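One-letter residues, chain by chain:
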Amino acid sequence: MKITVLTLFPEMYENFLHTSIVGRALARGLAEVEFVQIRDFAPGNYRHVDDTPFGGGSGMVMKCQPVLDALNSVKTDSSYTMIMSPAGKPYSQAKARELAQKEHLILICGHYEGMDARINAHADELVSIGDYVLTGGELASMVIMDSVIRLLKGSITEGSADEESHENGLLEYPQYTHPAEYDGVKVPDVLLSGNHAKIREWRILQSLLLTKEVRPDLFEKHELTAEEAKILKKYEAEE
Ligand code: SAM
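Note that this is a predicted model, so its numbers are computed, not measured.

## Some remarks on the overall build of the protein
Moving on, step 1. Regarding its fold elements, the protein presents seven helices and nine strands.
Moving on, step 2. Its C-alpha radius of gyration of 22 Å places the protein more than 25% over the 18 Å reference for a compact globule of 239 residues.
Moving on, step 3. With respect to the three principal axes, the spread of C-alpha positions in the protein is 70 × 40 × 40 Å.
Moving on, step 4. A buried classification covers 39% of the 239 residues belonging to the protein.
Moving on, step 5. Here the protein displays about 14,300 Å² of accessible surface, and carbon together with sulfur accounts for 51% of that area.
Moving on, step 6. Charge centroids of the protein, computed over 24 positive and 37 negative side chains, lie 3 Å from each other.

Given below as C-alpha coordinates:
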(Lines give C-alpha, C1' and ligand atoms only; values in the text may rest on other atoms or scores of the structure.)
Protein backbone atom coordinates (compact mmCIF):
# COMPACT_ATOMS: atom_id res chain seq x y z
CA MET A 1 0.00 0.00 0.00
CA LYS A 2 1.09 3.52 -0.71
CA ILE A 3 -0.03 6.48 1.42
CA THR A 4 0.45 10.03 0.18
CA VAL A 5 -0.08 12.88 2.63
CA LEU A 6 -0.72 16.40 1.39
CA THR A 7 0.33 18.76 4.16
CA LEU A 8 1.93 22.08 5.04
CA PHE A 9 3.78 20.47 7.97
CA PRO A 10 5.52 17.19 6.94
CA GLU A 11 7.96 17.60 9.84
CA MET A 12 5.16 16.66 12.24
CA TYR A 13 5.41 13.01 11.10
CA GLU A 14 9.13 12.44 11.87
CA ASN A 15 8.84 10.39 15.09
CA PHE A 16 5.54 8.81 14.18
CA LEU A 17 6.98 7.14 11.07
CA HIS A 18 9.90 5.62 12.96
CA THR A 19 8.18 4.38 16.10
CA SER A 20 6.59 1.11 17.23
CA ILE A 21 4.32 -0.90 14.91
CA VAL A 22 4.14 1.81 12.23
CA GLY A 23 7.94 2.18 12.20
CA ARG A 24 8.48 -1.58 11.89
CA ALA A 25 5.82 -1.98 9.19
CA LEU A 26 7.37 0.77 7.09
CA ALA A 27 10.89 -0.62 7.63
CA ARG A 28 9.61 -4.01 6.40
CA GLY A 29 8.11 -2.38 3.32
CA LEU A 30 4.49 -3.25 4.15
CA ALA A 31 3.53 0.31 3.28
CA GLU A 32 5.21 3.29 1.71
CA VAL A 33 4.50 6.84 2.88
CA GLU A 34 5.24 9.94 0.84
CA PHE A 35 4.61 13.61 1.55
CA VAL A 36 3.60 16.37 -0.77
CA GLN A 37 4.28 19.89 0.49
CA ILE A 38 1.22 21.87 -0.59
CA ARG A 39 3.20 25.12 -0.42
CA ASP A 40 5.46 23.88 -3.25
CA PHE A 41 2.44 24.32 -5.54
CA ALA A 42 1.72 27.92 -4.54
CA PRO A 43 2.98 30.55 -6.98
CA GLY A 44 5.10 33.64 -6.33
CA ASN A 45 7.87 34.45 -3.90
CA TYR A 46 5.60 34.31 -0.88
CA ARG A 47 3.91 31.04 -1.85
CA HIS A 48 0.61 31.96 -0.22
CA VAL A 49 -1.64 28.92 0.22
CA ASP A 50 -4.47 30.78 1.97
CA ASP A 51 -6.64 33.85 1.62
CA THR A 52 -9.43 35.66 3.46
CA PRO A 53 -12.92 34.07 3.45
CA PHE A 54 -15.59 35.41 1.10
CA GLY A 55 -18.44 36.83 3.16
CA GLY A 56 -16.10 37.89 5.96
CA GLY A 57 -15.21 36.20 9.19
CA SER A 58 -12.05 35.43 11.08
CA GLY A 59 -9.08 33.37 9.90
CA MET A 60 -7.82 32.28 6.52
CA VAL A 61 -9.02 29.62 4.10
CA MET A 62 -6.76 27.33 2.05
CA LYS A 63 -7.05 28.11 -1.65
CA CYS A 64 -8.18 25.64 -4.33
CA GLN A 65 -5.24 25.97 -6.71
CA PRO A 66 -2.27 24.86 -4.55
CA VAL A 67 -4.24 22.01 -2.97
CA LEU A 68 -5.70 20.73 -6.23
CA ASP A 69 -2.41 21.05 -8.15
CA ALA A 70 -0.72 19.10 -5.33
CA LEU A 71 -3.47 16.49 -5.49
CA ASN A 72 -3.34 16.16 -9.27
CA SER A 73 0.43 15.65 -9.10
CA VAL A 74 -0.07 12.32 -7.26
CA LYS A 75 -3.61 11.12 -8.01
CA THR A 76 -4.07 8.07 -10.24
CA ASP A 77 -7.06 5.86 -11.12
CA SER A 78 -6.26 3.62 -8.14
CA SER A 79 -6.10 6.46 -5.60
CA TYR A 80 -8.63 6.86 -2.79
CA THR A 81 -8.66 10.47 -1.62
CA MET A 82 -9.75 11.62 1.83
CA ILE A 83 -9.94 15.12 3.25
CA MET A 84 -9.38 15.50 7.00
CA SER A 85 -12.25 17.61 8.31
CA PRO A 86 -14.21 18.01 11.56
CA ALA A 87 -17.25 18.21 9.28
CA GLY A 88 -16.53 14.78 7.75
CA LYS A 89 -18.08 11.39 8.42
CA PRO A 90 -16.97 9.86 11.74
CA TYR A 91 -13.94 7.57 11.36
CA SER A 92 -14.32 3.99 12.62
CA GLN A 93 -12.58 0.64 12.88
CA ALA A 94 -14.79 -0.63 10.04
CA LYS A 95 -13.49 2.22 7.85
CA ALA A 96 -9.90 1.35 8.84
CA ARG A 97 -10.51 -2.25 7.67
CA GLU A 98 -11.92 -0.92 4.38
CA LEU A 99 -8.97 1.44 3.83
CA ALA A 100 -6.45 -1.33 4.56
CA GLN A 101 -7.58 -2.94 1.26
CA LYS A 102 -6.80 0.15 -0.84
CA GLU A 103 -3.82 0.35 -3.17
CA HIS A 104 -3.20 4.08 -2.77
CA LEU A 105 -4.54 6.38 -0.07
CA ILE A 106 -4.26 10.14 -0.37
CA LEU A 107 -4.83 12.07 2.87
CA ILE A 108 -5.32 15.83 2.58
CA CYS A 109 -4.62 17.91 5.69
CA GLY A 110 -6.31 21.26 6.10
CA HIS A 111 -5.08 24.10 8.31
CA TYR A 112 -6.18 27.59 9.36
CA GLU A 113 -9.99 27.85 9.05
CA GLY A 114 -10.02 24.86 6.70
CA MET A 115 -10.11 24.57 2.92
CA ASP A 116 -12.15 26.12 0.12
CA ALA A 117 -15.28 23.94 -0.11
CA ARG A 118 -14.81 23.48 -3.87
CA ILE A 119 -11.91 21.12 -3.08
CA ASN A 120 -14.35 18.62 -1.52
CA ALA A 121 -15.66 17.46 -4.91
CA HIS A 122 -12.17 16.17 -5.76
CA ALA A 123 -12.08 13.71 -2.86
CA ASP A 124 -13.84 10.40 -2.28
CA GLU A 125 -14.83 11.45 1.21
CA LEU A 126 -14.35 13.85 4.11
CA VAL A 127 -13.45 12.16 7.36
CA SER A 128 -13.53 13.33 10.98
CA ILE A 129 -11.63 11.59 13.77
CA GLY A 130 -13.95 12.95 16.47
CA ASP A 131 -16.25 15.72 17.59
CA TYR A 132 -13.60 18.30 18.40
CA VAL A 133 -11.49 20.74 16.40
CA LEU A 134 -7.77 20.22 15.82
CA THR A 135 -5.38 22.91 14.59
CA GLY A 136 -4.66 20.93 11.44
CA GLY A 137 -5.37 17.63 9.70
CA GLU A 138 -1.92 16.19 10.44
CA LEU A 139 -2.86 14.43 13.69
CA ALA A 140 -6.04 13.14 12.07
CA SER A 141 -4.04 11.70 9.17
CA MET A 142 -1.66 10.02 11.64
CA VAL A 143 -4.65 8.44 13.38
CA ILE A 144 -5.82 7.05 10.06
CA MET A 145 -2.35 5.87 9.03
CA ASP A 146 -1.74 4.16 12.38
CA SER A 147 -5.09 2.37 12.42
CA VAL A 148 -4.68 1.22 8.80
CA ILE A 149 -1.00 0.24 8.86
CA ARG A 150 -1.44 -2.01 11.93
CA LEU A 151 -4.09 -3.94 9.97
CA LEU A 152 -1.79 -4.70 7.04
CA LYS A 153 -0.80 -8.36 6.79
CA GLY A 154 2.52 -8.86 8.62
CA SER A 155 2.21 -5.71 10.74
CA ILE A 156 1.03 -7.37 13.96
CA THR A 157 0.56 -11.02 14.90
CA GLU A 158 -2.11 -12.57 12.68
CA GLY A 159 -5.53 -12.51 14.39
CA SER A 160 -4.41 -10.33 17.31
CA ALA A 161 -6.48 -7.37 16.07
CA ASP A 162 -9.61 -9.48 15.75
CA GLU A 163 -10.69 -9.34 19.42
CA GLU A 164 -9.86 -5.69 19.98
CA SER A 165 -12.37 -3.01 20.87
CA HIS A 166 -14.70 -2.03 18.01
CA GLU A 167 -13.85 -5.07 15.88
CA ASN A 168 -17.22 -6.71 16.59
CA GLY A 169 -19.05 -3.52 17.57
CA LEU A 170 -18.22 -4.00 21.27
CA LEU A 171 -15.47 -2.81 23.62
CA GLU A 172 -12.79 -5.31 24.56
CA TYR A 173 -12.99 -7.15 27.91
CA PRO A 174 -10.54 -6.00 30.64
CA GLN A 175 -7.01 -7.42 30.38
CA TYR A 176 -4.63 -8.24 33.25
CA THR A 177 -0.98 -9.33 33.54
CA HIS A 178 1.42 -10.39 36.31
CA PRO A 179 1.41 -10.18 39.29
CA ALA A 180 -1.89 -11.89 40.12
CA GLU A 181 -2.28 -9.52 43.07
CA TYR A 182 -1.12 -5.90 43.09
CA ASP A 183 -1.55 -3.51 45.98
CA GLY A 184 -4.23 -5.82 47.42
CA VAL A 185 -6.22 -5.98 44.17
CA LYS A 186 -6.56 -9.48 42.71
CA VAL A 187 -7.01 -10.57 39.10
CA PRO A 188 -10.43 -12.27 38.67
CA ASP A 189 -10.10 -15.95 39.74
CA VAL A 190 -11.51 -17.26 36.48
CA LEU A 191 -8.49 -15.95 34.53
CA LEU A 192 -6.16 -18.06 36.70
CA SER A 193 -8.36 -21.18 36.47
CA GLY A 194 -6.97 -22.53 33.18
CA ASN A 195 -10.59 -23.33 32.21
CA HIS A 196 -10.70 -21.93 28.66
CA ALA A 197 -14.47 -22.29 28.23
CA LYS A 198 -15.10 -20.35 31.44
CA ILE A 199 -12.52 -17.70 30.49
CA ARG A 200 -14.18 -17.23 27.12
CA GLU A 201 -17.60 -16.89 28.75
CA TRP A 202 -16.24 -14.36 31.28
CA ARG A 203 -14.61 -12.30 28.56
CA ILE A 204 -17.75 -12.19 26.43
CA LEU A 205 -19.83 -11.17 29.45
CA GLN A 206 -17.36 -8.44 30.50
CA SER A 207 -17.23 -7.10 26.95
CA LEU A 208 -21.03 -6.87 26.87
CA LEU A 209 -21.34 -5.29 30.33
CA LEU A 210 -18.56 -2.77 29.69
CA THR A 211 -20.03 -1.71 26.36
CA LYS A 212 -23.50 -1.37 27.89
CA GLU A 213 -22.14 0.85 30.66
CA VAL A 214 -19.60 2.99 28.78
CA ARG A 215 -21.03 3.05 25.25
CA PRO A 216 -24.78 2.43 25.41
CA ASP A 217 -24.96 3.78 21.82
CA LEU A 218 -22.82 0.86 20.58
CA PHE A 219 -24.66 -1.67 22.74
CA GLU A 220 -28.03 -0.56 21.31
CA LYS A 221 -26.76 -1.07 17.77
CA HIS A 222 -25.10 -4.43 18.46
CA GLU A 223 -26.91 -7.56 17.35
CA LEU A 224 -26.27 -10.20 19.99
CA THR A 225 -24.95 -13.52 18.71
CA ALA A 226 -26.70 -16.65 20.03
CA GLU A 227 -23.73 -17.25 22.36
CA GLU A 228 -23.76 -13.66 23.68
CA ALA A 229 -27.54 -13.77 24.26
CA LYS A 230 -27.18 -17.03 26.21
CA ILE A 231 -24.35 -15.67 28.38
CA LEU A 232 -26.23 -12.43 29.10
CA LYS A 233 -29.42 -14.31 29.96
CA LYS A 234 -27.54 -16.56 32.38
CA TYR A 235 -25.92 -13.51 34.01
CA GLU A 236 -29.24 -11.70 34.37
CA ALA A 237 -30.86 -14.80 35.89
CA GLU A 238 -28.04 -14.99 38.47
CA GLU A 239 -28.25 -11.28 39.38
N1 SAM B 1 -13.21 25.94 10.56
C2 SAM B 1 -13.25 24.50 10.53
C3 SAM B 1 -14.59 24.02 11.06
O4 SAM B 1 -15.14 24.66 11.95
O5 SAM B 1 -15.06 22.94 10.61
C6 SAM B 1 -12.13 23.91 11.36
C7 SAM B 1 -10.78 24.03 10.73
S8 SAM B 1 -9.51 23.27 11.67
C9 SAM B 1 -8.98 24.53 12.73
C10 SAM B 1 -8.21 23.08 10.52
C11 SAM B 1 -8.06 21.72 9.92
O12 SAM B 1 -7.83 20.76 10.91
C13 SAM B 1 -9.23 21.21 9.12
O14 SAM B 1 -9.27 21.72 7.82
C15 SAM B 1 -8.98 19.70 9.14
O16 SAM B 1 -8.09 19.33 8.12
C17 SAM B 1 -8.30 19.50 10.49
N18 SAM B 1 -9.21 18.99 11.53
C19 SAM B 1 -9.64 19.66 12.62
N20 SAM B 1 -10.42 18.89 13.39
C21 SAM B 1 -10.51 17.69 12.79
C22 SAM B 1 -11.19 16.48 13.09
N23 SAM B 1 -11.95 16.37 14.18
N24 SAM B 1 -11.06 15.44 12.23
C25 SAM B 1 -10.31 15.55 11.11
N26 SAM B 1 -9.63 16.69 10.77
C27 SAM B 1 -9.73 17.74 11.59
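## Structural notes on the site of the ligand
Moving on, step 1. Surrounding the ligand, one finds 19 residues, the nearest of these being Met84, Gly110, Glu113, Tyr132 and Leu134.
Moving on, step 2. Between a nitrogen atom of the ligand and a main-chain N or O atom of glutamate 113, the distance comes to 2.9 Å.
Moving on, step 3. Within the backbone of tyrosine 132, one N or O atom sits 2.9 Å away from a nitrogen atom of the ligand.
Moving on, step 4. Coverage of the ligand by the protein chains reaches 82% of its 580 Å² of free accessible surface.

## Re a nonpolar patch on the surface
Moving on, step 1. The grouping of Met12, Tyr132, Leu134 and Leu139 at the surface amounts to a nonpolar patch, some 360 Å² of accessible area in total.
Moving on, step 2. Assessed through its relative accessible area of 39%, methionine 12 is described here as partly exposed.

## Here's the deal with the domain arrangement of the protein
Moving on, step 1. Under the domain assignment used here, the protein contains domain 1 (2-149) and domain 2 (181-238).
Moving on, step 2. Domain 1 and domain 2 are separated by 39 Å when their C-alpha centres are compared.

## What to know about unusual backbone geometry
Moving on, step 1. Looking along the chain, the bond that leaves histidine 178 and enters proline 179 is cis, with omega of 0 degrees.
Moving on, step 2. At serine 20, a position not held by glycine, the phi torsion is positive, near 55 degrees.
Moving on, step 3. Examined against the element boundaries, serine 20 turns out to sit in helix H1 (residues 20-27).
Moving on, step 4. You can call serine 20 partly exposed: its relative accessible area is 48%.
Moving on, step 5. Its identity is not glycine, yet arginine 47 carries a phi of approximately 50 degrees, on the positive side.
Moving on, step 6. With respect to the helices and strands, arginine 47 occurs in the loop between strand E2 (32-37) and strand E3 (50-51).

## So, helix H7 (residues 226-238)
Moving on, step 1. Compared with the 18 Å implied by 1.5 Å per residue over 13 residues, the 19 Å span of H7 between its first and last C-alpha is a close match.
Moving on, step 2. The complete set of buried residues in H7 reads Glu228, Ile231 and Leu232. Down the axis of H7, the smallest arc covering the buried residues is 95 degrees, so these residues share one side. Opposite its buried face, H7 presents the exposed residues Ala226, Lys230, Lys233 and Ala237, each directed more than 90 degrees away.

## Digging into the environment of histidine 122
Moving on, step 1. Mapped onto the secondary structure, histidine 122 falls in the loop between strand E6 (104-108) and strand E7 (125-128).
Moving on, step 2. For histidine 122 and proline 86, which are 36 residues apart along the polypeptide, the C-alpha to C-alpha distance reads 18 Å.

## Here we look at the sheet that holds E7
Moving on, step 1. Strand order across the open sheet formed by five strands is E2-E1-E6-E5-E7, with parallel pairing between neighbours. Taken across any chain shown, the strands that pair with only one partner, and hence form the sheet edges, are E2 and E7. Mean inter-strand twist for the sheet, computed between neighbouring axes without regard to direction, equals 30 degrees.
Moving on, step 2. For strand E1 (residues 2-7) and E6, the ladder comprises five bridges, and the chain directions are parallel. Bridge pairing in E6 links lysine 2 to histidine 104.
Moving on, step 3. With respect to the sheet, helix H4 (residues 138-149) is in contact with E1, E2, strand E5 (79-90), E6 and E7, its orientation differing from that of E1 by roughly 175 degrees.

## Some words on the environment of cysteine 64
Moving on, step 1. Summarising the element assignment, cysteine 64 is placed in helix H2 (residues 64-72).
Moving on, step 2. Residue classification places cysteine 64 among the buried residues on the basis of a relative accessible area of 18%.
Moving on, step 3. With 63 residues separating them along the chain, cysteine 64 and methionine 1 place their C-alpha atoms 27 Å apart.
Moving on, step 4. With near-sequence residues (within four places) excluded, cysteine 64 lies in contact with Asp116, Arg118 and Ile119.

Cut-off values and rules
Residues numbered from 1 in each chain as written. Predicted model: local features only at pLDDT ≥ 70, side-chain atom pairs only at ≥ 80, totals over all residues. Heavy atoms only, no water. Helix = DSSP H or I, 4+ residues; strand = E, 2+ residues; numbered from the N terminus. Rg over C-alpha atoms; globule rule 2.2 N^0.38 Å. Buried < 20%, exposed > 50% of the residue type's maximum accessible area, 1.4 Å probe, protein only. Areas by Shrake-Rupley, 256 points an atom, 1.4 Å probe, with all protein chains shown as cover. Lys, Arg positive; Asp, Glu negative; His and termini not counted. Charge placed at Lys NZ, Arg CZ, Asp CG, Glu CD. Near = heavy atom within 4 Å. Polar contact = N/O pair within 3.5 Å; in protein donor to acceptor, adjacent residues only side chain to side chain. Patch = residues over 30% accessible without salt bridge, like charges linked within 9 Å, V, L, I, M, F, W, Y side chains within 5 Å. Salt bridge = Lys/Arg side-chain N within 4 Å of Asp/Glu carboxyl O. Domains from an automatic or database assignment. Expected span 1.5 Å × (residues − 1). Arc of directions from axis to C-beta. Pairing = 2+ DSSP bridges. Axes fitted to C-alpha atoms, helices over the stretch in contact; angles between N-to-C directions. Contact = heavy atoms within 4.5 Å.

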